[in-house]
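The residues making up each chain are set out below.
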Amino acid sequence: MTKEKKSTPKSPAASAAKVPIVSSAHLAAGKSAELSEFEFGLIIASNAFNRWAVRCMSAAGMKDMTITDVLVLHHINHRAREKKLADIAFILNIEDTHVVNYSLKKLLALGLVQTERRGKEVLYSTNERGRDLCKRYFEIREHVLVSTLSRDAAESFELAELARFLRMLSGLYDQAARAATSL
């Protein structure tokens, strides 16, 4: 007589854990459901970050800025060094320099940055008003966001590893974008 195996019913939590959380199930049907799940996490994290940065800038006193405006301003303020349009676009990984140029014109009109011409190059830097705004943004960020972190060694390590992983993946996505362009 053969013994029948009793199948252990799986808990709803165990069954749900195997179903990837994605926005596009047709993309999760391939070889890497985990990549699709990561991409969905990246989408919602990106939108949450963008919303946060724009609202933090608004709380700092500058309403009606887009996420690109906020990122460009912070990068221009970075290390108090003048920046060229092409370098800003390169560092922020923005392919269309016209998008960055539009933000630069907006930041100039808002009186947050200044320009200096050296030969054919135009260099951008934050002026006192731009630096003050970045400082207020920093203070609000410290109070509202950073204060919620535990700041223990494990959390710091995980954040650093996640940042490293995201930079590595950005290289893979850039390479895949170049490959897709040639198809």
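Above this text sits the structure in question.
A brief report on the enclosed structure follows. From a predicted model like this one, the values you see are computed outputs, not experimental measurements. (Residues numbered from 1 in each chain as written. Predicted model: local features only at pLDDT ≥ 70, side-chain atom pairs only at ≥ 80, totals over all residues. Heavy atoms only, no water.)

Attention now goes to unusual backbone geometry. Positive phi outside glycine occurs at R79, with the angle close to 60 degrees. Mapping R79 onto the fold places it in the loop between α4 (67–77) and β1 (83–84). One non-glycine residue, R151, adopts positive backbone phi at about 60 degrees. Here R151 is to be found in the loop between α7 (128–144) and α8 (153–181). (Helix = DSSP H or I, 4+ residues; strand = E, 2+ residues; numbered from the N terminus.)

The terminal C-alpha atoms of α7, which comprises 17 residues, lie 24 Å apart, in line with the 24 Å expected from a rise of 1.5 Å per residue. Listing the buried residues of α7 in full gives G130, L133, C134 and Y137. Down the axis of α7, the buried set is contained in an arc of 100 degrees. They therefore lie on one face. Summarising the geometry of α7, the exposed residues directed more than 90 degrees from the buried face are E128, K135 and H143. Looking at the buried residues of α7, the elements they touch are α3 (33–60), α4 and β3 (121–126). Measuring from the side-chain oxygen of the N-cap residue of α7 to the backbone nitrogen of R129 gives 3.1 Å; that N-cap residue is N127. (Expected span 1.5 Å × (residues − 1). Buried < 20%, exposed > 50% of the residue type's maximum accessible area, 1.4 Å probe, protein only. Arc of directions from axis to C-beta. Contact = heavy atoms within 4.5 Å. Polar contact = N/O pair within 3.5 Å; in protein donor to acceptor, adjacent residues only side chain to side chain.)

Bringing the pattern of salt bridges into the picture now. Under the definition given, this model contains six salt bridges. Between D69 and K106 there is a salt bridge whose closest N-O contact spans 2.8 Å. Here D69 is found in helix α4, whereas its partner K106 is found in helix α6 (residues 97–109), with 37 residues between them in sequence. Overall, D69 belongs to the buried group, its relative accessible area being 1%. Through salt bridges that share partners, E82, E116 and R118 make up one connected network. (Salt bridge = Lys/Arg side-chain N within 4 Å of Asp/Glu carboxyl O.)

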